[in-house]
Amino acid sequence: MSVQAIETVVVHPLVLLSVVDHYNRIDKVSSQKRVVGILLGSRRKGVLDVSNSFAVPFDEDERDPDVYFLDHDYLESMYAMFKKVNAKEKIVGWYHTGPKLHPNDIKINEIIKKYCTDSVLVIIDAKPKDLGLPTDAYIAVEEVHDDGTPTTRTFDHVKSEIGAEEAEEVGVEHLLRDIKDTTVGTLSQHLTTQVVALKSLHSKLQDISVYLSQVSDGKLPVNHPIIYQLQDVFNLLPNLNVPDLMKAFTVKTNDQNLVMYTASIIRAVIALHSLINNKTTNRAAEKEGSKKVEVEKEDKEEKEKDTK
């Protein structure tokens, strides 16, 4: 029975947090530029679910890619302990913090294949500079040359995405709640999200433009699946030359902006109303407190007169 090839790699938030923690701990005590670890998870119908991970001691010579160290004994002992906790989680591959592929990644992948025949490499950028997902997944394949030379091992890119179970989603929401600035209004948050999304779209369009320019100049070969996907994207774009469609877009946008603006004004008015009510209540409380003090002072003076 043939095993279905891996089409998608789903990385859980727990793995991302673990990798970032691993990178930050090593970065404080060492000048090592990347860290390496093992990925645990399960596989079903072409989808690789990466649900856990653990760090592995690793070191390398930056000048010589053939010189590196990966602690096998530590790897095997850690996996044995993880297996006792959750036997369903198997070794599915390994990770490093890149941020790009390294010359010795193929050799390290061959070592990991002793524990998992279809080992997957996931590069997790612990300090992403660009917008988008911080993960890139690769799987080792045999590259056949047209000139008849022996085949070589190389990496083929696999689609990756971030996925979480219900419990993980709740935990991530609590973390974001602690990070999120509560003083910022919903209108500002909405606009910030829109700006971030537009910047991400702009970077992707720039990548597409550079790729198509290099293909047209003959610097890159024509990749028909990519061209087909780009054609599908362009076919989904609306025809903005139709006046009725442009008017509909404008009306829809204006309606949404009106609702957001009205909600922001109402929120500000309610906040001011609460502030005024709070000040009024505090003043009333201060007056009552001062009256009580005066009454107590008068009672005390009367008692002193009676005693005399």
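What comes next is a walk through the structure. (Residues numbered from 1 in each chain as written. Predicted model: local features only at pLDDT ≥ 70, side-chain atom pairs only at ≥ 80, totals over all residues. Heavy atoms only, no water.)

1. Focus on the overall build of the chain
No. 1: Along the backbone of the chain there are 7 helices and 9 strands.
No. 2: Its C-alpha atoms give the chain a radius of gyration of 31 Å, clearly above 19 Å, the size a compact globule of 308 residues would have.
No. 3: Along the three orthogonal principal directions, the C-alpha set of the chain runs to about 120 × 65 × 45 Å.
No. 4: When the 308 residues of the chain are sorted by exposure, 24% land in the buried category.
No. 5: Taking contacts inside the chain between residues at least 6 apart in sequence as the whole, the part at least 24 apart equals 62%.
No. 6: When the accessible surface of the chain is totalled, it reaches about 22,400 Å², and 57% of it is carbon and sulfur.
No. 7: A gap of 6 Å separates the mean positions of the 38 positive and 48 negative side-chain charges of the chain. (Helix = DSSP H or I, 4+ residues; strand = E, 2+ residues; numbered from the N terminus. Rg over C-alpha atoms; globule rule 2.2 N^0.38 Å. Buried < 20%, exposed > 50% of the residue type's maximum accessible area, 1.4 Å probe, protein only. Contact = heavy atoms within 4.5 Å. Areas by Shrake-Rupley, 256 points an atom, 1.4 Å probe, with all protein chains shown as cover. Lys, Arg positive; Asp, Glu negative; His and termini not counted. Charge placed at Lys NZ, Arg CZ, Asp CG, Glu CD.)

2. Some words on unusual backbone geometry
Of all residues except glycine, most have a negative phi; of all peptide bonds, most are trans.
No. 1: In the segment running from Gly-98 into Pro-99, the intervening peptide bond is cis, with an omega of 10°.
No. 2: Within the secondary structure, Pro-99 sits in the loop between β6 (90-96) and α3 (105-112).
No. 3: The phi dihedral of Lys-45 falls on the positive side, at around 50°, and the residue is not glycine.
No. 4: Tracing the chain through its elements places Lys-45 in the loop between β2 (36-44) and β3 (47-56).

3. What about a negative patch on the surface?
No. 1: Residues Glu-294, Glu-296, Glu-298, Asp-299, Glu-301, Glu-302, Glu-304 and Asp-306 make up a contiguous surface patch of negative charge.
No. 2: Looking at where Glu-296 falls in the secondary structure, it is placed in helix α7 (residues 243-307).
No. 3: Note on Glu-296: relative accessible area 57%, which makes it exposed. (Patch = residues over 30% accessible without salt bridge, like charges linked within 9 Å, V, L, I, M, F, W, Y side chains within 5 Å. Salt bridge = Lys/Arg side-chain N within 4 Å of Asp/Glu carboxyl O.)

4. Notes on the side chain of Thr-97
No. 1: One can find Thr-97 in the loop between β6 and α3.
No. 2: Of the polar contacts made by the side chain of Thr-97, one reaches the backbone nitrogen of Val-35; its length is 3.1 Å. (Polar contact = N/O pair within 3.5 Å; in protein donor to acceptor, adjacent residues only side chain to side chain.)

5. Some points on the nonpolar core
No. 1: In terms of nonpolar packing, the biggest core is built from 22 residues, with Ile-38, Phe-54, Leu-70, Ile-91, Trp-94 and Ile-112 touching the most fellow members.
No. 2: Going through the elements one at a time, β2, β3, α2 (72-85), β6, α3, β7 (120-124) and β8 (135-143) are the ones with two or more residues in this core.
No. 3: Looking at this core element by element, the count peaks at 4 residues for α3.
No. 4: When sequence neighbours within four positions are dropped, the list of residues in contact with Phe-54 reads Gly-37, Ile-38, Leu-40, Leu-75, Met-78, Tyr-79, Phe-82 and Tyr-95.
No. 5: Residues Leu-39, Val-120, Val-122 and Ile-139 belong to the second largest nonpolar core, which totals 17 residues. (Core = buried A, V, L, I, M, F, W, Y, C linked by side-chain atoms within 4.5 Å.)

6. Focus: a positive patch on the surface
No. 1: Taken together, the side chains of Lys-279, Arg-283, Lys-287 and Lys-291 make up a positively charged region of the molecular surface.
No. 2: If you trace the backbone, Lys-291 turns up in helix α7.

7. Some words on the packing of aromatic side chains
No. 1: One pass over the structure, following the stated rule, counts 2 aromatic pairs.
No. 2: Plain terms: the ring middles of Tyr-138 and Phe-155 are 6.3 Å apart, the flat faces sit at 65° to each other, and that makes the pair edge-to-face. Here the residue Tyr-138 occupies a position in strand β8, and Phe-155 occupies one in strand β9 (residues 152-162), the gap between them amounting to 17 residues.
No. 3: You can call Tyr-138 buried: its relative accessible area is 16%. (Phe/Tyr/Trp six-rings, centres within 6.5 Å; stacked < 30°, edge-to-face > 60°.)

8. Thoughts on the sheet that holds β8
No. 1: Around the barrel, 7 strands lie side by side as β1-β3-β2-β6-β7-β8-β9; this closed barrel has mixed pairing. Put simply, the sheet's adjacent strands are angled 40° from each other on average, direction ignored.
No. 2: In terms of strand pairing, β8 meets β9 through 7 bridges, oriented antiparallel. Residue pairing for β9: Ile-139 is matched across the bridge by Asp-156.
No. 3: Relative to β3, helix α1 (residues 13-29) is tilted by about 25°, and along the sheet it contacts β1 (8-11), β2, β3, β6, β7, β8 and β9. (Pairing = 2+ DSSP bridges. Axes fitted to C-alpha atoms, helices over the stretch in contact; angles between N-to-C directions.)

9. Regarding the environment of Tyr-138
No. 1: Residues Tyr-138 and His-157, spaced 19 residues apart in sequence, show a C-alpha to C-alpha distance of 4.5 Å.
No. 2: For Tyr-138, the residues in contact, after removing those within four places along its chain, are Leu-101, Val-120, Leu-121, Ile-123, Phe-155, Asp-156, His-157 and Val-158.

10. Here's the deal with a nonpolar patch on the surface
No. 1: Side chains of Leu-212, Val-233, Phe-234 and Leu-237 sit close together on the surface and give an oily, nonpolar patch of about 350 Å² of accessible area.
No. 2: Tracing the backbone shows Phe-234 in helix α6 (residues 224-236).

11. Remarks on the pattern of salt bridges
No. 1: Under the defined criterion, the tally for this structure stands at 9 salt bridges.
No. 2: A salt bridge links Asp-21 to Arg-25; its shortest N-O distance comes to 3.0 Å. Within this pair, Asp-21 and its partner Arg-25 are both found in helix α1, separated by 4 residues, close to a single helical turn.
No. 3: When its relative accessible area of 40% is taken as the criterion, Asp-21 is described as partly exposed.
No. 4: The partner of Asp-105 in a salt bridge is Arg-34, and the shortest N-O contact between them spans 2.9 Å. In this pair, Asp-105 sits in helix α3 while Arg-34 sits in the loop between α1 and β2, placing the two residues 71 residues apart along the sequence.
No. 5: The class of Asp-105 is buried, set by a relative accessible area of 0%.

12. Observations concerning the side chain of Ser-119
No. 1: With respect to the helices and strands, the residue Ser-119 is situated in the loop between α3 and β7.
No. 2: In this view, Ser-119 contacts Val-92, Gly-93, Trp-94, Asn-109, Ile-112, Lys-113, Ile-139 and Ala-140; residues no more than four positions away in its chain are not counted.

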